[in-house]
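Chain residues, written in single-letter form:
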Amino acid sequence: HEYGSLDDLKFQSFTTYLDKRGIEIFEGDIIRDKDGIEYVIDFVRGGFCARFLLEGHACRPLRDMEQFDKVEIIGNIYENPEMLTDYTKSFLNWYG
């Protein structure tokens, strides 16, 4: 079996939050809220935030988000890079 190199591993930090299915939310996950708005989880200035997937520049602190029981993980930036716009990628300093 070929497993690749350790250099190919991407470590993601756990946010301490769970989505509506009880799945742990990590940095780099792409989530959808109850209103259908999609975000990518980022770590900025010492805290986790939800960065608007299409706009990129706005980052809402996770501690301010309500109703995590209605948020669903729909992908992550490593397995689903096609979900990110180039504009959003420019704000993710750890992307790539």
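Values in this document were obtained by computation on a predicted structure and should not be read as measured data.

(A) Highlighting the pattern of salt bridges. This model, assessed by the stated rule, comprises 6 salt bridges. Two residues, glutamate 72 and lysine 20, come together in a salt bridge whose shortest N-O distance is 3.8 Å. A residue pair is termed long-range when its members are at least 10 positions apart, and glutamate 72 in strand β7 (residues 72–76) and lysine 20 in the loop between β1 (14–18) and β2 (24–26) qualify at 52 residues. Accessibility expressed as a relative area gives 46% for lysine 20, which makes it partly exposed. We note a salt bridge from glutamate 38 to arginine 32, for which the minimum N-O separation is 2.7 Å. With a relative accessible area of 24%, glutamate 38 lands in the partly exposed category. Within the structure, one salt-bridge network assembled from shared partners comprises Asp19, Lys20, Arg21 and Glu72.

Basis of the calculations
Residues numbered from 1 in each chain as written. Predicted model: local features only at pLDDT ≥ 70, side-chain atom pairs only at ≥ 80, totals over all residues. Heavy atoms only, no water. Salt bridge = Lys/Arg side-chain N within 4 Å of Asp/Glu carboxyl O. Helix = DSSP H or I, 4+ residues; strand = E, 2+ residues; numbered from the N terminus. Buried < 20%, exposed > 50% of the residue type's maximum accessible area, 1.4 Å probe, protein only.

Read these as geometric descriptors, not functional statements.
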